[in-house]
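What follows is the residue order along each chain.
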Amino acid sequence: MKLYCLSGHPTLPCNVLKFKSTTIMLDCGLDMTSTLNFLPLPLVQSPRLSNLPGWSLKDGNAFLDKELKECSGHVFVDSVPEFCLPETELIDLSTVDVILISNYHCMMALPYITEHTGFTGTVYATEPTMQIGRLLMEELVNFIERVPKAQSASLWKNKDIQRLLPSPLKDAVEVSTWRRCYTMQEVNSALSKIQLVGYSQKIELFGAVQVTPLSSGYALGSSNWIIQSHYEKVSYVSGSSLLTTHPQPMDQASLKNSDVLVLTGLTQIPTANPDGMVGEFCSNLALTVRNGGNVLVPCYPSGVIYDLLECLYQYIDSAGLSNIPFYFISPVANSSLEFSQIFAEWLCHNKQSKVYLPEPPFPHAELIQTNKLKHYPSIHGDFSNDFRQPCVVFTGHPSLRFGDVVHFMELWGKSSLNTVIFTEPDFSYLEALAPYQPLAMKCIYCPIDTRLNFIQVSKLLKEVQPLHVVCPEQYTQPPPAQSHRMDLMIDCQPPAMSYRRAEVLALPFKRRYEKIEIMPELADSLVPMEIKPGISLATVSAVLHTKDNKHVLQPPPRPTQPPSSKKRKRVSEDVPDCKVLKPLLSGSIPVEQFVQTLEKHGFSDIKVEDTAKGHIVLLQEAETLIQIEEDSTHIICDNDETLRVRLRDLVLRFLQKF
Amino acid sequence: MDPECSKLLPALCAVLADPRQLVADDTCLEKLLDWFKTVMETESSLHLLQDHPCLMELLSHVLKTQDVSPRVLSFVLRLVGIFAAQEDCFQYLQQGELLLGLFGETGALSWTAWNMPSVRSGWIQGLCSLAHHPSALHFLADSGAVDTIFALQGDPSLFVASAASQLLVHILALAMQGGASGSPISEAAAWPICAQKIVNHVEESLHSKATPQVTQALNVLTTTFGRCHSPWTGVLWGRLSPPVACLFERDPIPAVHSLMDLLLSVARSHVLNFAACGLWEMLAQTLSRLSPTQAGPLALGTLKLQHCPQELRTQAFGVLLQPLACILKATTQAPGPPGLLDGTAGSSLTVDALLSSKSACVGLLCQTLAHLEELQMLPQCPCPWPQVPLLGATVTILRLCDGSVDPSSSMGGRLCGTLGGCVRVQRAALDFLGTLSQGTSPLELVLEVFAVLLKTLESPESSPTVLKKAFQATLRWLQNSHKTPNCSDLSPDALLFLGELFPILQKRLCSPCWEVRDSALEFLTHLIRHWGGQADFREALHSSEVPTLARQLLQDPESYVRASAVGTAGQLSSRGLQATSASPENPLAQQGLLMDLMHILSTDSEGFPRRAVLRVFTEWLRDGHADVIRDTEWFVATVLQAVSRDLDWEVRMQGLELAQVFLIQAMGQPSLHCPYTVGLPEATSPRPHPEFLQTLCRLPLFEFAFCALLDCDRPVAQKACDLLLFLRDKTTHCSGPQEAGDSPNSASVEAVLQRWREGEQGQPLGDLEPEAMLAILRSLDLEGLQGKLAKSSDHVEKSPQSLLQDMLATVGILEENEADCY
């Protein structure tokens, strides 16, 4: 059993598991932090961005000044943003049988895999994962395609040149494999390969293994996966949460008794408690708005935003913000808000029960009804007519490199009355802000990451007790910035196996059993013999028939009959010959009794020696040795077959035959 | 006993003796016992029994049949105990074999109801009441009751077990009191038999291998030394200290907590010569042997002792400091700061305790911090007090909690993980930090304290309770930091700190959690009260948005927050720090606040904000706030009008308080009615101007006060009564010798008052002349009313007669129900 690790990002995993005869890809996350190296794509012409000076080498060589621009001491690539794909060379991805998706954030690389690697298999995901994943992809494609950029920089990627660049460009990895965003056509094609599944549904893969999605509590439709055969169980935990937010709670019990537990997608901010962060978010939002400033919240169109809107719903009246407009701007804003209301069966119990009242499960419906929350596909069109300040704007993309957020950063960045509040933990907020410096607006970082923290992981591991834990290497040591925090790492016994990008792990367990069925007529013919109380044995002669990873023992063919026709003959040729069966022996030989028996039968001068494995009985007169070991007995005598047979029969007296 | 009760008693006894009658309420029986006790304080119980044969009948009935409920059995046992406390009555009951029948081996012990803990408890309490004279001691010895008490020490019911121990101590003290007759008996062998029996039992128990028995013996001894301070206790300790000392040699030490209690109890006794009896050695040995968590309370107890050798005090203080010393050691690279313990013996135990588990670590630190906090405030506080290292350790603990410490050792790393975000430790550390503000600390440490407080106040991870404690600690440090010659001024460092604090306070005032908004407002109010007059502070506050935000919270949905916001806004306004851009020169903004508060007073649905408004108004009136003195009459009239309709009695009380302030300002302080003061010439008190009386009628303050006099809430009526008395005193010489009824409309006022008394409030008194008001004022028996109101409202219901009637009535109802069933 092997695990091929194609992504080094702990929360955007992409691993391939080879288990029995199947090849299963676990998630295909897309690392978008690479886009932080690029200049933002402004929706509206930005003189500031277009007038940034080109970057030149120390010696004044300016051949890169078209590709690289400098802003407040940082260098950015002036080109269409590119993404860092999972490894495609480590394993032939056309051999992947299935892809299991655990949540909508972990499928953003799907089109790259399904459309460009010869992949012919099936993708499994829950319905909300697929639908919201589609929204995220649609938004991404839309953000990038609506700002066409003629230039595509590639010179800087040359290894010799990259070495000369300042950090972080110099240290960017695998830049040659970075790719531009996929198209909507590729998205549609990739999504058409998805087969929808429900929680706890058992899906047979070629009869070899069974995969089952379990609720992971992190997002709408998010799942962990169980991959099991009759005797082995691998659990794949990715992006799970034990907090009570909107999704169905995490199913922990089903993860018990795993041989291997692959653990990814823990919180990216282990020291921040989501509750505290939500409080911080609300306080800063109110403070800004009360002082007449605007609030910008860069966010994804689904996920935490639902919880934030719910908190604000409860908070705005108490904070005296009833008259402040809330804008949600995304090409998929409408769909996201509406989808959230229709996936009742994937929601937590409280929200599910609202549906029967009937009431919309999320209170943002009421915010929309009362005109407190308005949503628009982009800043163009209706929004510009309705726009009123001070206001709160939720919009993407959290990287601040593309999407409507770029416009608001340019618009509001100059005033210290305004605030940008970062709630998504995927990007470093300082890096995200780098191309907007100098910036007067206030920046608040309150990342809300509801995924498991290390305390919860340690409880979970104690509870489900897997034999082995496999996780990204980042989880086996404290975070670099807090090297003393030994509590911010996975602590389990035996120690967790860690992986990094482009590594292949041999998982530390061997398959020892395989399930084989016995045909009823064959079972009928068996005559078990009880060798110990409760244990019966029977010998079986049968033909092992293997098809679709299922093994069946069938009755042996009848003794060969003379061929009556050519056809019959050919059939009988396939059938193996049945040899005459020798009886099998079982039991152990008690040495003392054996010696007494030998004495009774006239042997004398018997000596017994203990050896490491058993005993040696010496018949000195007859110059004969009897070696008795746990699983064998040897009689060594010099060409005296009669003696050997006599001794053999005496030995056999102590053993059972069947 | 009064005749009414005597009449009711036979019926009640019959009810109690009747098993079919259920006495539904235990508290009735308790009250009944209390009543009998009071009666017995003044009367002879023997006479009482003889005068009321029904009582004897009840007792004999219970003795014969025992078919009453366990609660009545328990009652009877306790009642007999109370009767038998007087020796003559004891003899009388003894003759009738009643005592033996109830308390002897053939008595309660043999009843099936003995299984009920309440009966066993009644038996013990009965004996406890009874054991007050030498005859009782003989009875106890002869009846075998003492052995039963020994057994009851291990009773499954903790109440019974504890009462049994107490009873043993009581009997022992009684026996020694009688036997010793004042002079100490040095020979234990010469002690009364009963005392010897108890002491032997305790000694045996101390030798027992079973911990529960050891605990029982220790508890008896602890109570004995706590209660009895006669010389014989010295002899007792001399005899029992060796087996107690032996307990320390066992491993593990049994009943550690009880053992510590005993040592402290002995140490607090004034009778013993500690040096001779080896107590200090025993304490020292115990302190060194116990685990840090166990030793903490003992160390604190030792330090609290009045006379204790310095060496032992040092050792005990060392035990208390040990955990903090470990914390410092684990987190500092330098070899431990001077003043706190170095890694001496015992520190490894502490380290083990700190690292063994999260709960152990948290428990030990919280306990240590609480002990040190308690200690610092005591006169016995060790001197020199290691202020600097303690402050350093407390700051470090807070940093470990917020994760900002960079530990130098692996132990520090583990502590960081254990304490990260631990609310309990944070709270305890902040409490102690606040207490430490009283000492003198070097400036760099004060700055560290400010830094850690800022971090705690700022951190999104801080829970509301932690924030509250942090606000409290901050206030104390601001008050005590770097005291300058001009004491009330803030130091420059404190001002810098405030500069950073206000932005945080702004954020906290916008918190979604109401507790946080509330404590931020309270904190702000305190700040303004202390430093609102200081120019630097005013400037810092003005340059922030804090006043505006605080004003906005007047509309908060949470009533507690609104109430606090009212207090803050009132304080801001008093100091001329009002919210809007307006300065004191802009009267409109000020007027706005007055109207806002008036609006809250008349419309807010919750009581807290309305009470807060009245507190602010009263303060404004007292301090002569500009808005109030602009038109005081209008102000008082509007407030009284709003208050008179208020449903909250505290608001009405506050209204009367405001009225009183108004009157005092106009008429002077109330005259003192102290018999010892030399009568000062009355001329000092200004005679109210007739126009002022007109004003009072117009306001209408009289009407408000008369109305309050009839208030259904007693405190309001009391306050109104006081107010009217004050008014009457001040107006004695005001008008001519008019009698009530002389005035044309005083009759109608009387009539209205009469109707009000009958519950028909609402009809106004109408426009009245001051003369009529004064006439009514004089006609009212205010002193009588004051006396009536001073009695608690249930004084009628509390009478024994009423109790007996109630009990009978309850049974009567039961009977009726029974009849209905047929």
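Conventions and cut-offs
Residues numbered from 1 in each chain as written. Chains lettered and ligands numbered in written order. Predicted model: local features only at pLDDT ≥ 70, side-chain atom pairs only at ≥ 80, totals over all residues. Heavy atoms only, no water. Helix = DSSP H or I, 4+ residues; strand = E, 2+ residues; numbered from the N terminus. Rg over C-alpha atoms; globule rule 2.2 N^0.38 Å. Contact = heavy atoms within 4.5 Å. Buried area = accessible area lost by both parts, 1.4 Å probe. Salt bridge = Lys/Arg side-chain N within 4 Å of Asp/Glu carboxyl O. Polar contact = N/O pair within 3.5 Å; in protein donor to acceptor, adjacent residues only side chain to side chain. Nonpolar A, V, L, I, M, F, W, Y, C, P; charged D, E, K, R; others polar. Core = buried A, V, L, I, M, F, W, Y, C linked by side-chain atoms within 4.5 Å. Buried < 20%, exposed > 50% of the residue type's maximum accessible area, 1.4 Å probe, protein only. UniProt positions renumbered as here; feature names shortened; annotations may be inferred. Pairing = 2+ DSSP bridges. Axes fitted to C-alpha atoms, helices over the stretch in contact; angles between N-to-C directions. 1 Å grid on protein atoms, 1.4 Å probe; cavity = no way out; pocket = protein on both sides within 12 Å on 5 of 7 lines; lining within 4 Å. Points joined across faces, edges and corners; volume = space filled by probe spheres on them. Expected span 1.5 Å × (residues − 1).

Peer 1: Describe in detail the overall build of chain A, supporting the description with residues and values.
Peer 2: Broken down by element type, chain A carries 18 helices and 35 strands. Whereas a compact globule of 658 residues would reach a radius of gyration of roughly 26 Å, chain A reaches 34 Å, over 25% beyond that. With the C-alpha coordinates of chain A rotated into their principal frame, the extents come out at 115 × 70 × 65 Å. Considering only residue pairs separated by 6 or more positions, chain A has 70% of its internal contacts joining residues 24 or more positions apart.

Peer 1: Provide a residue-level description of the interface of chain A and chain B, including the pertinent values.
Peer 2: Taken together, the contact between chain A and chain B spans 19 residues of the former and 22 residues of the latter. Of the roughly 1700 Å² buried at the junction of chain A and chain B (both faces included), carbon and sulfur atoms supply 56%. When the buried surface of chain A facing chain B is broken down by residue, Leu-287, Arg-290 and His-484 of chain A rank first, second and third, together holding 34% of it. Remark: the boundary between chain A and chain B carries 1 salt bridge. The partner of Lys-507 of chain B in a salt bridge is Glu-280 of chain A, with the nearest N and O atoms 2.5 Å apart. Seen at the junction of chain A and chain B, the total is 4 residue pairs in polar contact (both at pLDDT 80 or more). Take the side of chain A that touches chain B: its biggest share by element is 10 residues, from helix H6 (residues 274–290) of chain A. In terms of residue class, the side of chain A that touches chain B is built from 6 nonpolar, 9 polar and 4 charged.

Peer 1: Could you give an account of the nonpolar core, with specific residues and numbers?
Peer 2: Membership of the largest hydrophobic core comes to 390 residues, with the highest contact counts inside it found for Phe-394 of chain A together with Phe-36, Leu-93, Trp-123 and Phe-617 of chain B. Excluding residues within four positions of it along the chain, Phe-617 of chain B makes contact with Leu-594, Leu-597, Met-598, Leu-601, Phe-635, Val-639 and Leu-658 of chain B. In this structure, Leu-100, Leu-205, Val-470 and Leu-505 of chain A belong to the second largest nonpolar core, which totals 26 residues.

Peer 1: Lay out the UniProt feature "domain: Beta-Casp" (unreviewed entry) in chain A in plain terms, naming residues and giving numbers.
Peer 2: This chain's UniProt record puts "domain: Beta-Casp" (unreviewed entry) on residues 305–433 of chain A. Between the C-alpha atoms that bound residues 305–433 of chain A there is a distance of 21 Å. The span itself is 40% helix and 12% strand.

Peer 1: Please set out the sheet that holds strand E25 (residues 516–518) of chain A residue by residue, giving values where relevant.
Peer 2: All names here are of chain A. Here we have 3 strands laid out as an open sheet, ordered E25-E29-E28, and mixed in their pairing. The strands lining the two open edges of the sheet, one partner per strand, are E25 and strand E28 (543–547). Adjacent strand axes in the sheet meet at a mean angle of 30° when their direction is disregarded.

Peer 1: For the layout of surface pockets, give the residues involved together with the corresponding values.
Peer 2: Residue and element names in this part refer to chain A. What the second largest pocket holds in volume is close to 1300 Å³. His-9, Pro-10, Thr-33, Gln-268 and Gln-474 are, among the 42 residues lining the second largest pocket, the residues nearest its centre. Taken together, the residues of the lining of the second largest pocket sort by class into 22 nonpolar, 15 polar and 5 charged.

Peer 1: Could you give an account of helix H3 (residues 127–145) of chain A, with specific residues and numbers?
Peer 2: Along its 19 residues, H3 of chain A runs 26 Å from first to last C-alpha, staying within 8% of the 27 Å computed at 1.5 Å per residue. Across the 19 residues of H3 of chain A, 14 count as buried, placing the element largely inside the fold.

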